[in-house]
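# Summary of structural features
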Amino acid sequence: MCFFPSMPTPDFNNSLMNNSSSFQLTVTQKTQLIALAKDTMLKAYAPYSQFRVGAAILTEQGNIFTGCNVENVSYGLTICAERNAIAGAVASEGGNEFKLKAIAIVNDRGIPCSPCGACRQVILEFGKDAVVIFQGENSYQSTTATQLLPTGFSF
């Protein structure tokens with residue numbers, strides 16, 4: 001796990017945050033996840049859209065994993081940053097052990113960009129109460145996976 005104690009504190013808009021969530025991130029944790037997502041975003045493979053996205057996740061075991069978007073000329077084969085990071089966590093911690101506590105998503109254009117529908121479903125699969133941080137209109141937004149996808153699919 002990497003720490004960035006000298007990173008500036010980003011502006012957070014917690015108006016979407018569900019205060020009944022069982023897990024609250026500290027400002028330091030949010031800042032760290034955003035910084036790692038930004039670093040990983042620079043590694044994205046986005047020759048078609050020119051839209052780079054990075055994600056960093058925190059697991060219940062305290063590990064951090066990152067991912068970036070990986071495009072393909074056959075657009076349906078593109079891998080989003082969020083699912084890329086989650087796949088790495090599953091491969092490392094094990095599918096039955098991995099539990100998502102938080103995820104931060106950034107893009108290189110600084111525009112509002114919440115997770116797509118497919119990513120929302122995958123995030124929900126591993127952490128219905130996970131904190132989801134993404135670029136909003138004027139600041140970072142925080143919410144939970146369940147708030148982003150209130151009627152997500154489950155068995």
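Bear in mind that the values here come from a model prediction, so they are computed numbers and not experimental data.

So, how was this worked out
Residues numbered from 1 in each chain as written. Predicted model: local features only at pLDDT ≥ 70, side-chain atom pairs only at ≥ 80, totals over all residues. Heavy atoms only, no water. 1 Å grid on protein atoms, 1.4 Å probe; cavity = no way out; pocket = protein on both sides within 12 Å on 5 of 7 lines; lining within 4 Å. Points joined across faces, edges and corners; volume = space filled by probe spheres on them. Nonpolar A, V, L, I, M, F, W, Y, C, P; charged D, E, K, R; others polar. Axes fitted to C-alpha atoms, helices over the stretch in contact; angles between N-to-C directions. Helix = DSSP H or I, 4+ residues; strand = E, 2+ residues; numbered from the N terminus. Parallel < 35°, antiparallel > 145°, perpendicular 65-115°, else oblique. Left-handed = near helix turned anticlockwise from the far one by under 90°. Contact = heavy atoms within 4.5 Å. Buried < 20%, exposed > 50% of the residue type's maximum accessible area, 1.4 Å probe, protein only. Pairing = 2+ DSSP bridges. Disulfide = S-S within 2.5 Å. Expected span 1.5 Å × (residues − 1). Arc of directions from axis to C-beta.

### Digging into the layout of surface pockets
Considering only enclosed or pocket space, the largest pocket measures out at about 200 Å³ in volume. In this structure, the largest pocket is lined by 14 residues; those nearest its centre are F51, V53, N69, C80 and E82. Here the residues of the lining of the largest pocket are counted per class, giving eight nonpolar, four polar and two charged.

### Thoughts on the packing of helix α2 (residues 81–93) against helix α3 (residues 117–126)
α3 packs onto α2 with a crossing angle of 30° between their chain directions and a minimal axis gap of 9 Å. The orientation of α2 with respect to α3, classified from their angle, is roughly parallel. Crossing of α2 against α3: the hand is left-handed. Contact residues: E82, R83, I86 and V90 in α2; A118, C119, V122, I123 and F126 in α3.

### Quick notes on the pairing of strand β3 (residues 64–68)
With four of its five residues buried, β3 lies for the most part within the structure. In the sheet, strand β2 (residues 53–59) pairs with β3 via five bridges, with the strands oriented antiparallel. By the bridge assignment, L58 is partnered in β3 with I64. Taking the residues that link successive antiparallel strands as the turn, the β2-β3 hairpin has four residues, and the phi of G62 there is positive, at about 90°.

### Comments concerning the state of the cysteines
By definition, a disulfide is the covalent link that joins the sulfur atoms of two cysteine residues. Considering all chains together, one arrives at zero disulfides under this definition. Left without a disulfide partner, C80 is nearest to the cysteine sulfur of C119, which lies 3.8 Å away. Just so you know, C116 is unpaired, no disulfide at all, and the nearest cysteine sulfur is the one on C119, 3.7 Å from it. Overall, the relative accessible area of 33% leaves C116 in the partly exposed class.

### Some details on α2
Under the 1.5 Å per step criterion, the end-to-end length of α2 is 18 Å for 13 residues, consistent within 8% with the ideal 18 Å. Within α2, the full set of buried residues consists of A81, E82, A85, I86, A89 and E93. The buried residues of α2 occupy an angular sector of 130° when the element is viewed end-on, so they sit on one face. Where the residues of α2 are buried, they touch β2, β3, β4 (100–107) and α3. Where α2 terminates, the next one or two residues include G94, which has phi positive at roughly 100°.

### Observations concerning unusual backbone geometry
Positioned with a positive phi, Q50 is a non-glycine residue whose angle comes to about 60°. Looking at the secondary structure, you find Q50 in the loop between α1 (27–41) and β2. Judged by relative accessible area, which is 41%, Q50 ranks as partly exposed.

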